[in-house]
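Chain by chain, the residues:
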Amino acid sequence: MSPNTSTVTNPNQALWEKGDFTRIAATMRESADGLIDSLDITPGMKVLDLGAGDGTTALPAARLGADVLAVDIARNLVEAGNRRAQAAGLTNVRFQHGDATNLGDIADASFDLVVSIFGAMFAPKPFDVAKEMVRVTRPGGRIVMGNWIPNDPTLVAQILRISSAYSPPPPEGFISPMMWGVEANVIDRFTKAGVPAGKISFERDTYTFNAPVSPAAYVADFRNYYGPTMNAFAAAEQNGKATKLQGELEELFARQNKSEVAGATSIPATFLRVTVHV
Ligand SMILES: C[S@@+](CC[C@H](N)C(=O)[O-])C[C@H]1O[C@@H](n2cnc3c(N)ncnc32)[C@H](O)[C@@H]1O
């Protein structure tokens, strides 16, 4: 059965299987390469990529010689990741289905480095996620997260801000993924998982989205393939407001586009880079 047509009862999984994140991930590869290059990965290092998508960070880590396990909740992305690894001839990276809130039979202390770039932040139950990331990291190992920042003026926070105005209020008790972009929350979550606050550090970093299409066509890619934006459009359509949402997003993308080439889009976005020494 195709992953997109089978019944999924976990809304978190359904959200990410709904679209095809590979279409957006394809515009994020260059920044991922740069980020992975900065992590001092050495051959044989055991790396877990959590919320790995189709391998935007897992594949470059494997190219540096790491032994990579890439875990994601979306089965279509797990399949896409394994296909990309095979096409690249990489035998030291494996994608498997899993949930960041409960890594199941992954053994304690089994990784030197846990990487989660805009991945684990999207899982519910953030305290469970922090606990699981700490549990599977060996003492002396590291966790590196990339998290979007709420109310930041750059692209992703603004897409979410605009989209939320068209979406129904979240269910009772919902914790926004963007809360992972607030330092005090990150400290709270990791200290409750047993890490002293002094071992958690932060920096602002930049990811650049590079798409070989116009800003308006790039908005259409989000509308057609990016689960959270698909949901916002579905809600807007019910209220007859889809054209207005499209217009607001097109204005945002055009305003933030730094490309001087017609028919290309290049948009830098700020994120919070978190490093935890376990
Ligand atoms: C914005 S994408 C980023 C993917 C990838 N890290 C990248 O940089 O391209 C978010 C990813 O988190 C995954 N995800 C969301 N909730 C998850 C969970 N509870 N457990 C594991 N993965 C999850 C989604 O399926 C999706 O692949």
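In case you missed it, the structure is sitting above this.
Keep in mind that what you see is a predicted model, and the values were worked out from it rather than measured.

### Regarding the packing of helix H10 (residues 227-238) against helix H11 (residues 242-256)
It is the contact of H10 with H11, at a shortest axis distance of 8 Å, that shows an interaxial angle of 140 degrees. In terms of their interaxial angle, H10 and H11 are classed as oblique. Residues Thr229, Ala232, Phe233, Ala236 and Glu237 of H10 form the contact with H11, whose participating residues are Ala242, Leu245, Gln246 and Leu249. Classifying every residue of the contact of H10 with H11 by side-chain character gives six nonpolar, two polar and one charged.

### Some details on the nonpolar core
Of all hydrophobic cores here, the largest spans 88 residues; its most connected members are Met133, Trp148 and Phe190. When neighbours within four sequence positions are excluded, Phe190 is seen to be in contact with Ala130, Met133, Val134, Ile143, Met145, Trp180, Val195, Ile200 and Val276.

### Focus: the pairing of strand S2 (residues 67-72)
Counting buried positions over the six residues of S2 gives five, a clear majority of the element. Bridge count for strand S1 (residues 46-50) against S2 is five bridges, and the pairing is parallel. Across the sheet, residue Leu50 finds its bridge partner in S2, namely Val71. Considered for its hand, the β-α-β crossover made up of S1, helix H4 (residues 58-63) and S2 is right-handed. With five bridges joining them, S2 and strand S3 (residues 93-97) adopt parallel strand pairing. If you follow Ala70 over to S3, its bridge partner there is Phe95. The parallel pair S2 and S3, bridged by helix H5 (residues 75-87), forms a crossover whose chirality is right-handed.

Cut-offs used in this document
Residues numbered from 1 in each chain as written. Predicted model: local features only at pLDDT ≥ 70, side-chain atom pairs only at ≥ 80, totals over all residues. Heavy atoms only, no water. Axes fitted to C-alpha atoms, helices over the stretch in contact; angles between N-to-C directions. Helix = DSSP H or I, 4+ residues; strand = E, 2+ residues; numbered from the N terminus. Parallel < 35°, antiparallel > 145°, perpendicular 65-115°, else oblique. Contact = heavy atoms within 4.5 Å. Nonpolar A, V, L, I, M, F, W, Y, C, P; charged D, E, K, R; others polar. Core = buried A, V, L, I, M, F, W, Y, C linked by side-chain atoms within 4.5 Å. Buried < 20%, exposed > 50% of the residue type's maximum accessible area, 1.4 Å probe, protein only. Pairing = 2+ DSSP bridges. Right-handed = clockwise from strand over helix to strand, strands pointing away.

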